[in-house]
Amino acid sequence: MTEQMTGAAPTRDAVRGWLVARVAHYLEEPPEAIDAEADLARYGLESVYAFALCGEIDEAWGVNIEPSHIWDVENLAELADLVVEAAGAPPSH
């Protein structure tokens, strides 16, 4: 189960850390093994994980991201920016 984040304005760092933790969970790796700047293809995420991740993003952050958009970004850092932008909050660096 994901931690509920709705109600709080998402920041890039918060979303990025959350995404790293979720991908680490899917890959059964420690979060330290996931580089948010690395090409997503490096991790070999299957499309089922893209669908699951989108559902979790909606649940946690109140943002509806289409699964196809996950493949439009190069890495988790860019995905975090997309989530923050979709939530209507300015990205913080």
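Higher on the page you've got the structure.
Residues numbered from 1 in each chain as written. Predicted model: local features only at pLDDT ≥ 70, side-chain atom pairs only at ≥ 80, totals over all residues. Heavy atoms only, no water.

Participant: I'd like to hear about the overall build of the protein chain, residue by residue, with values.
Facilitator: A tally of helices and strands in the protein chain yields four helices and zero strands. When the elements of the protein chain are put in sequence order from the N terminus, they spell out α-α-α-α. Across the 93 residues that make up the protein chain, the buried fraction comes to 41%. Per element, the accessible surface of the protein chain, about 5,200 Å² overall, is 50% carbon and sulfur. (Helix = DSSP H or I, 4+ residues; strand = E, 2+ residues; numbered from the N terminus. Buried < 20%, exposed > 50% of the residue type's maximum accessible area, 1.4 Å probe, protein only. Areas by Shrake-Rupley, 256 points an atom, 1.4 Å probe, with all protein chains shown as cover.)

Participant: Could you give an account of the packing of helix H1 (residues 12-27) against helix H4 (residues 76-86), naming the residues involved and the relevant values?
Facilitator: Packing of H1 against H4 brings their axes to within 8 Å, and their N-to-C directions diverge by 125 degrees. Between H1 and H4, the crossing angle belongs to the class labelled oblique. The two elements H1 and H4 cross, and the hand of that crossing is right-handed. Side by side, H1 and H4 meet where Arg12, Val15, Arg16, Leu19, Val20 and Val23 of the first sit next to Leu76, Ala77, Leu79, Ala80, Asp81, Val83 and Val84 of the second. (Axes fitted to C-alpha atoms, helices over the stretch in contact; angles between N-to-C directions. Parallel < 35°, antiparallel > 145°, perpendicular 65-115°, else oblique. Left-handed = near helix turned anticlockwise from the far one by under 90°. Contact = heavy atoms within 4.5 Å.)

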